[in-house]
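Structural features, examined
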Amino acid sequence: YWMNCDDTTTTTTTSTSTSTATSVNSTKTPQHLYLPNNTKDTEAIDMCLRSIPQIVENADELLANPPRVFGSTSQQQQPQERILYAGQGEVIHATPDQCDILLSDRATTCHILAFQQKQQQQDNSNKSLFSMAHLDGDGYGNCILKMIMEHKRFAAHHKCNNTNQIPIDVHIMGGFEDDDGCSRKITNSLFRTLIEIAASEPTVSLTLRTCAVTSMNDTGHSCPIGRGLGMDLRDDSGTVFLAKVTDYELLGPVPELRAARLWTAAGNNNSHEDSLLVIHSWDANKITIPPFRYESFGKEARVLLRVDNGTLLRLTSTSPDVEEEEEYCHDFRKTLRFMNTVPEASCFQQNNTAPAYFRRVGNTNQWKWIRCYY
């Protein structure tokens, strides 16, 4: 199976079998990336990616620089940068008119997926759409396909010159060599989904520009190098970089409510395939949180709030040995207190049947709750 990967001027061929793959390269044009079709081989896709020099070079370039820090006291954050953040299990779509930077972090086994589409309109002006998702597991094929469908809808809406060939650049970062193999499982599932989309959607051309996943994102000591990814939308550049958010307010509106969804069976949705939540779209410049039900943890919450950080990590994290302890425990306790003290009726409208909407205040990173009347 194949999709495109980044430009290269070298040719690399690996023996084809059920456990290996072939990459066919052409000078100065995107190459076809062939991947194995043996789903029982858990290492095949990871090893295939590591055998392609251009992919390894781009991964090394991404991981060579320390993460850019976004926080209230950070000198790396420029004034008036409009941030749009995707939390765990969330998807965001945006244009350069809506924000400057897409961000997602706090990933260990999770993978962060980013798309960039840049096309010319009939009046010769460029229109770009950027997307980001924080994948906390495998099996999100339908959700990723829906992301691609948004790019097709964007191209059709803006009457781009060539809607028969929609170019989308792909950037992926996340995972490490964890003992349970969760990272590699996500990597394999994600790439098989992208390959299926490339095969079934002839009007979409996917090109892998950046890929630092699982063993490629490991320090050599079973710990992730990159935990966050940023994408710059200004000037339609689509530049990606490692990122870290230290200011809780930059996570966007009510991060506690959004995190609570993860503790309620994916927002009371029994289908894992549809459990990624699109909170921001290119045609609706607001953050939307659909209603879901949650309950207080009661006695269990009081116990968890009293234990030390190490115990909390061991009880609640899937990767306790590599989590950033202070950050993780701070976020978890805020969510737990929120669920224990804020009733769901105060979060959603129309007797918990209508979403909560938030709109950005000017060019700041503050968000205002929008009260809607029906």
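Residues numbered from 1 in each chain as written. Predicted model: local features only at pLDDT ≥ 70, side-chain atom pairs only at ≥ 80, totals over all residues. Heavy atoms only, no water.

Remark: a regular strand shows side chains that alternate across the two faces of the sheet. Burial within strand β14 (residues 277–281) is extensive, with 4 of its 5 residues counted as buried. Here strand β6 (residues 90–94) pairs with β14 via 3 bridges, running parallel. Paired with E90 across the bridge in β14 is L277. Between β14 and the antiparallel strand that follows it, strand β15 (residues 284–289), lie 2 residues. (Buried < 20%, exposed > 50% of the residue type's maximum accessible area, 1.4 Å probe, protein only. Helix = DSSP H or I, 4+ residues; strand = E, 2+ residues; numbered from the N terminus. Pairing = 2+ DSSP bridges.)

All right, on to the sheet that holds strand β13 (residues 239–245) then. In spatial order, the strands read β4-β13-β12-β7-β5; together these 5 strands make up an open sheet with mixed pairing. What marks the edges here is a single partner per strand, and that holds for β4 (68–70) and β5 (83–85). For this sheet, the mean angle separating the axes of adjacent strands, direction not counted, is 35 degrees. Where strand β7 (residues 101–104) and strand β12 (residues 229–232) come together, 4 bridges link them in antiparallel fashion. Pairing of L103 across the sheet is with G230, part of β12. (Axes fitted to C-alpha atoms, helices over the stretch in contact; angles between N-to-C directions.)

L49, L102 and L208 are the most contacted members of the largest nonpolar core, which totals 74 residues. Contact partners of L49, with chain neighbours within four places excluded, come to L33, I55, V56, F191, L208, C211, V213 and M216. Among the nonpolar cores identified, the runner-up in size contains 11 residues, and F241, V245, Y248 and L250 belong to it. (Core = buried A, V, L, I, M, F, W, Y, C linked by side-chain atoms within 4.5 Å. Contact = heavy atoms within 4.5 Å.)

With that settled, consider the packing of aromatic side chains. For the coordinates displayed, the defined rule picks out 7 aromatic pairs. Consider the rings of F70 and F241, whose centres lie 6.2 Å apart with planes at 25 degrees: the pair is stacked. Separated by 171 residues along the polypeptide, F70 in strand β4 and F241 in strand β13 bring together distant segments of the chain. One exposure class covers both F70 and F241, and it is buried. Ring geometry for Y294 against F338: centres 6.2 Å apart, planes inclined by 35 degrees, an arrangement best described as tilted. Placement of Y294 in the loop between β15 and α7 (299–306) and of F338 in helix α9 (residues 325–341) is noted, with a sequence separation of 44 residues between them. For the pair shown, Y294 and F338 are each scored as buried. One aromatic cluster in this structure is built from F292, Y294, F338 and F348. (Phe/Tyr/Trp six-rings, centres within 6.5 Å; stacked < 30°, edge-to-face > 60°.)

In this section: the packing of α7 against α9. Packing of α7 against α9 brings their axes to within 10 Å, and their N-to-C directions diverge by 150 degrees. As far as their axial angle goes, α9 and α7 are roughly antiparallel. α7 and α9 meet at a crossing whose hand is left-handed. Of α9, the residues touching α7 (which contributes A301, L304 and L305) are F332, R333, L336, R337 and N340. When grouped by side-chain class, the residues that make up the contact of α7 with α9 number 5 nonpolar, 1 polar and 2 charged. (Parallel < 35°, antiparallel > 145°, perpendicular 65-115°, else oblique. Left-handed = near helix turned anticlockwise from the far one by under 90°. Nonpolar A, V, L, I, M, F, W, Y, C, P; charged D, E, K, R; others polar.)

Let us now look at the side chain of Q98. Checked against the element boundaries, Q98 lands in the loop between β6 and β7. Here S281 takes part through its backbone oxygen, which lies 3.4 Å from a polar atom of the side chain of Q98. Leave out the neighbours within four places in its chain, and Q98 touches R82, H93, H280, S281, W282, D283, A284, N285 and R360. (Polar contact = N/O pair within 3.5 Å; in protein donor to acceptor, adjacent residues only side chain to side chain.)

Before going further, it helps to spend a moment on the confidence of the model for the protein. Considering every residue of the protein, the mean pLDDT works out to 85; 83% of them sit at 70 or more. Low confidence marks residues 8–28, where pLDDT is under 50. Its contacts with residues over four positions away, or in another chain, come to 45 contacts. (pLDDT = per-residue confidence, 0-100.)

Before going further, it helps to spend a moment on helix α3 (residues 141–157). Its 17 residues place the ends of α3 24 Å apart at the C-alpha level, agreeing with the 24 Å of an ideal helix rising 1.5 Å per residue. Among all positions in α3, only G141, C143, I144, M147, I148, E150, H151, F154 and A155 are buried. Within two residues after α3, K159 carries a phi angle of roughly 55 degrees, on the positive side. (Expected span 1.5 Å × (residues − 1).)

Take the pairing of β15 next. As defined by bridge partners, β14 adjoins β15 across 2 bridges and the pair is classed as antiparallel. By the bridge assignment for β15, S281 is matched with A284. Examined bridge by bridge, β15 and strand β16 (residues 356–360) share 3 bridges and lie antiparallel to one another. Note that in β16 the partner of T288 across the bridge is Y357.

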